[in-house]
Amino acid sequence: MGNTSLGVLILLLWKILLCCGQAPAPVLTIDPNWSTFYTKESVTFRCDMNEGKDNDWEYHIRKVQQQVIYSSDKSFILEHLYTGHSGEYQCCGYRRETHSIKCSNTVLITVLDAPRASLTAGSTTIPLGGSVTLSCSMGPSAGWKYKWFRQTSGSSYVLVRSDNEENKDIAITKGGIYQCAGIRGNPNFYYSDWVTIQITISNKVFVTRQPKWPQTFSGETVTLTCEVQGGETTKWTCEWRRSGSFIHKTNSKDWTFRVFKFNSGDYMCQCRKTDDWYSLTTWSEAITLSVSAGTSNAQLRADSTELPVGGRVTLTCSINSSSSSSPSSSDWKYFWYRSNKSSEPLTKQQAVFPSNGKISVSEEGQYWCRGGRGEPVYYTDYSNHIRIITVSSPASASLPVILTVGPLSGIILIILLLLLWRYRRSKGLFCIRSKVLKNTSQSPTTSHGVNQAESHEYTSPLQGGTHLYDFVKSSEVVENVADKSGEVTYSLIEIKNLRKMRRPHEPEEGTIYSEVRTEPAGKWSPSATDAAALYEIRTGTVLGNNATM
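Residues numbered from 1 in each chain as written. Predicted model: local features only at pLDDT ≥ 70, side-chain atom pairs only at ≥ 80, totals over all residues. Heavy atoms only, no water.

The name an unreviewed UniProt entry assigns to the protein is Ig-like domain-containing protein, from the organism Characodon lateralis.

**Student:** In this structure, what is going on with the overall build of the protein? I would like to understand it.
**Tutor:** Helix and strand content of the protein: 4 helices and 39 strands. When the 549 residues of the protein are sorted by exposure, 36% land in the buried category. Contacts in the protein between residues far apart in sequence, at least 24 positions, make up 64% of those at least 6 positions apart. When the accessible area of the protein is evaluated, it comes to approximately 32100 Å², of which 52% is carbon and sulfur surface. (Helix = DSSP H or I, 4+ residues; strand = E, 2+ residues; numbered from the N terminus. Buried < 20%, exposed > 50% of the residue type's maximum accessible area, 1.4 Å probe, protein only. Contact = heavy atoms within 4.5 Å. Areas by Shrake-Rupley, 256 points an atom, 1.4 Å probe, with all protein chains shown as cover.)

**Student:** Looking at this structure, how should I read the nonpolar core?
**Tutor:** A general feature of soluble globular proteins is that nonpolar side chains tend to end up buried together. Membership of the largest hydrophobic core comes to 20 residues, with the highest contact counts inside it found for Leu300, Leu315, Trp336, Ile359, Tyr367 and Ile388. Those elements giving two or more residues to this core turn out to be strand 28 (296–302), strand 30 (313–321), strand 31 (333–338), strand 32 (358–361), strand 33 (365–373) and strand 35 (386–391). Per element, the largest residue contribution to this core is 4 residues, and it comes from strand 30. (Core = buried A, V, L, I, M, F, W, Y, C linked by side-chain atoms within 4.5 Å.)

**Student:** How should the sheet that holds strand 23 (residues 254–258) be read in this particular structure?
**Tutor:** Consider a sheet: its strands pair through backbone hydrogen bonds, and that pairing is either parallel or antiparallel. An order of 18-20-23 is seen for the 3 strands of this open sheet, with the pairing classed as antiparallel. Among the strands making up the open sheet, the edge pair consists of strand 18 (205–210) and strand 23. Within the sheet, the average angular offset between the axes of one strand and its neighbour, ignoring direction, is 20°. Where strand 18 and strand 20 (residues 221–228) come together, 6 bridges link them in antiparallel fashion. (Pairing = 2+ DSSP bridges. Axes fitted to C-alpha atoms, helices over the stretch in contact; angles between N-to-C directions.)

**Student:** I would appreciate a short explanation of the packing of aromatic side chains in the present structure.
**Tutor:** Evaluation of the coordinates by the stated rule reveals 17 aromatic pairs. Between Trp240 and Trp255, the ring centres sit 5.6 Å apart and the planes meet at 45°, which makes this aromatic pair tilted. Placement of the pair is Trp240 in strand 21 (residues 236–242) and Trp255 in strand 23, with a sequence separation of 15 residues. One exposure class covers both Trp240 and Trp255, and it is buried. Clustering of aromatic rings is evident, with ring pairs tying together Trp240, Trp255, Phe257 and Tyr267. One residue, Arg373, lies across the ring of Trp213, its end atom 3.7 Å from the ring centre. (Phe/Tyr/Trp six-rings, centres within 6.5 Å; stacked < 30°, edge-to-face > 60°. Lys NZ or Arg CZ within 6 Å of the ring centre and 35° of its normal.)

**Student:** I would appreciate a short explanation of the confidence of the model for the protein in the present structure.
**Tutor:** Low pLDDT marks regions whose predicted coordinates should not be analysed in detail. Taken residue by residue, the protein gives an average pLDDT of 74. The fraction at 70 or more is 66%. pLDDT under 50 marks residues 6–21. Its contacts with residues more than four places away, or in other chains, come to 1 contact. Note that residues 527–549 has pLDDT below 50 and, in this model, 102 contacts with residues that lie over four places away or in other chains. (pLDDT = per-residue confidence, 0-100.)

**Student:** Just checking my understanding: could you explain unusual backbone geometry for this structure?
**Tutor:** As a rule of thumb, non-glycine residues mostly have phi less than zero, and peptide bonds are mostly trans rather than cis. The step from Gln210 to Pro211 runs through a cis peptide bond, and the omega angle for that step is -5°. With respect to the helices and strands, the residue Pro211 is situated in the loop between strand 18 and strand 19 (216–217). Cis geometry is found at the peptide bond from Glu375 to Pro376, where omega equals 0°. Tracing the backbone shows Pro376 in the loop between strand 33 and strand 34 (378–379). Phi is positive for Lys40, close to 80°, though the residue is something other than glycine. Relative to the assigned elements, Lys40 resides in the loop between strand 2 (36–38) and strand 3 (43–48). Residue classification places Lys40 among the exposed positions, given a relative accessible area of 65%. In the Ramachandran plot, Asn50 falls in the positive-phi region, its phi being about 60° despite a non-glycine side chain. Relative to the elements of secondary structure, Asn50 occurs in the loop between strand 3 and strand 4 (57–63).

**Student:** Please clarify how the state of the cysteines should be interpreted in this entry.
**Tutor:** Here a disulfide denotes one covalent bond, and it connects the sulfur atoms of two cysteines. Overall, the coordinates contain 6 disulfides when judged by the stated rule. Disulfide pairing is shown between Cys317 and Cys369; the S-S distance is 2.1 Å. Around the S-S axis, the bridge from Cys317 to Cys369 shows a dihedral of about 80° and counts as right-handed. Note that Cys317 is positioned in strand 30 and Cys369 in strand 33, a separation of 52 residues in sequence. For the pair shown, Cys317 and Cys369 are each scored as buried. Listing the disulfide partners of the protein by sequence rank of the bonded cysteines yields 1-2, 3-4, 5-6, 7-9, 8-10, 11-12. (Disulfide = S-S within 2.5 Å.)

**Student:** Help me understand the pattern of salt bridges, please; the structure alone is not making it clear to me.
**Tutor:** The final tally for this structure, using the stated rule, is 9 salt bridges. When the shortest N-O distance is used, the salt bridge between Glu51 and Lys102 registers 2.6 Å. Residue Glu51 is located in the loop between strand 3 and strand 4, and its partner Lys102 is located in strand 8 (residues 100–112); the two are separated by 51 residues in the primary sequence. Each member of the salt-bridge network shares a partner with another, and the members are Glu51, Arg95 and Lys102. (Salt bridge = Lys/Arg side-chain N within 4 Å of Asp/Glu carboxyl O.)

**Student:** Sorry, what's going on with the sheet that holds strand 6 (residues 75–78) here?
**Tutor:** The strand order 1-3-6 describes an open sheet built from 3 strands, whose pairing is antiparallel. Since the sheet does not close on itself, it has two edges, and those belong to strand 1 (27–31) and strand 6, each with one partner. Put simply, the sheet's adjacent strands are angled 20° from each other on average, direction ignored. Sheet analysis places strand 1 next to strand 3, joined by 5 bridges and oriented antiparallel.

**Student:** Sorry, what's going on with the side chain of Glu220 here?
**Tutor:** Here Glu220 lies in the loop between strand 19 and strand 20. Within the structure, the side chain of Glu220 is placed 2.7 Å from the backbone nitrogen of Phe217, a separation counted as a polar contact. Among the polar contacts made by the side chain of Glu220, one reaches the side chain of Arg373 at a distance of 2.6 Å. The residues contacting Glu220, other than those within four sequence positions of it, are Trp213, Gln215, Phe257, Arg258, Val259, Trp332, Arg373 and Tyr378. (Polar contact = N/O pair within 3.5 Å; in protein donor to acceptor, adjacent residues only side chain to side chain.)

**Student:** Please explain the pairing of strand 24 (residues 265–273) as it appears in this structure.
**Tutor:** The side chains of a regular strand alternate between both faces of the sheet. Of the strand pairs in this sheet, strand 21 and strand 24 are connected by 7 bridges, and their pairing is antiparallel. Opposite Trp240, over in strand 24, you have Cys269 as the bridge partner. Pairing of strand 24 with strand 26 (residues 287–289) involves 3 bridges; the strand directions are antiparallel. If you follow Tyr267 over to strand 26, its bridge partner there is Ile287.

**Student:** Please clarify how a nonpolar patch on the surface should be interpreted in this entry.
**Tutor:** A cluster of nonpolar residues, Leu408, Ile411, Ile412, Ile415, Leu416 and Leu419, forms a patch on the protein surface that exposes about 560 Å² of accessible area. Relative to the helices and strands, Ile412 resides in helix 2 (residues 394–441). (Patch = residues over 30% accessible without salt bridge, like charges linked within 9 Å, V, L, I, M, F, W, Y side chains within 5 Å.)

**Student:** Just to check I follow, could you spell out the side chain of Gln198 for this structure?
**Tutor:** In this fold, Gln198 is placed in strand 17 (residues 195–200). A residue is classified by how much of its surface remains accessible, and Gln198, at 19% relative accessible area, is buried. If we ignore the near neighbours within four places in the chain, the residues touching Gln198 are Thr124, Thr125, Ile126, Gly175, Arg272, Tyr278 and Leu280.

Pasting the structure below:
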């Protein structure tokens, strides 16, 4: 009984030694030996049974807690990893001769989404003569190498540096756009974002303004120029800031714009080479632009508003503004207008321009002016208007009066003389007629002579020996008196012997006295008495110094 128990114990110990004294257990390894993988990467599983020959075994690589068999070979490559491949893996071997199964240790892998490289720069501007350090990182995972790329304006990116070292950090001295890529695997590139690095050039920059007026009005046009010393032949692209804020970019050094009150401020510029976008200047010092909110207007003055005949008047135009500072007159060009504002400005053929802001005119009319400056021209408001009138000198003014009054006075004098002559003649004839009628009424012989001679001319007999009567009658006058539409004049002319007549003054020999009687037509007919007054001529001889009618 004792011998039997001993034998069983010895057999059990032998089996234990047989089982535990065999070769080491199988081992599962991965290549690359990373704990973390990224999507689209690959991993190689290798199962080593550590016993017998490799072909003595049938291999099974599987994910723990899953019955999925990935391979029946000793090695297995799992490609295009994704996050679902994360977990523990184990391999087991089945030996065909002994029908025994042996399993390895487990290996844990983690699969993450594809990373992106992170590029950082110590500065984005390379100082004069200096450099900038760039760093590329793929996070805490291992096994990375890096490649660097640079792109300049107008070109594709170029490889800057690539070697077998972990060149995670590089120092650069050129401007451009930089990018890095993390590499591991067969091969997998993980690119960073692009980082722009600019290099500062040594050329000094300053801002100039044209026109250089002490005062600028709203609506005028100015040109700012970003001057780069030593870069006159280089093409530049410039950026502009006003009071620290970016406002404009130009494809040249010049910036022309129309200004208003809100454009007032401090202006700075910075330029970069057109053919090397990443080489740029420093910022210039600021220049102050002040724009007046007020308007400018012109004021017109005249040395006289009276234009002498053949003379000239000088007009002066000046510019006033609503601000306290006065613009320089040399900045302005003046435009002159006559008659109305819509007319074309006066030219040198129409007026004389002795100097800027002055005009000499020789024509009367209403005048305006206004100022203009810049390109395109900025015009002020129109000035007040001044009316110029022509006046005559005293000497020249009397000449037309003389020329007018002289002939008029002569005509008036002639009319007055004619009227006087008419008056004197009418008065004389009236006296003669009155005398004849008196004498005729006392001389029947004369009346008888008149009645007897109705249609013939006759000579009356002499009266008293001292008078010589020559009486002429026309019967047609007597008969047609009533038919005349106007007045009928009867004339009696008497020439007397003035020996027995006395007058206050002695008439000269041959004096003729005339008397005219005027009667309206149709109201009077000559009677026998009045007939003797018609066309009677009396002739007498002056015999002495005393005579009477």
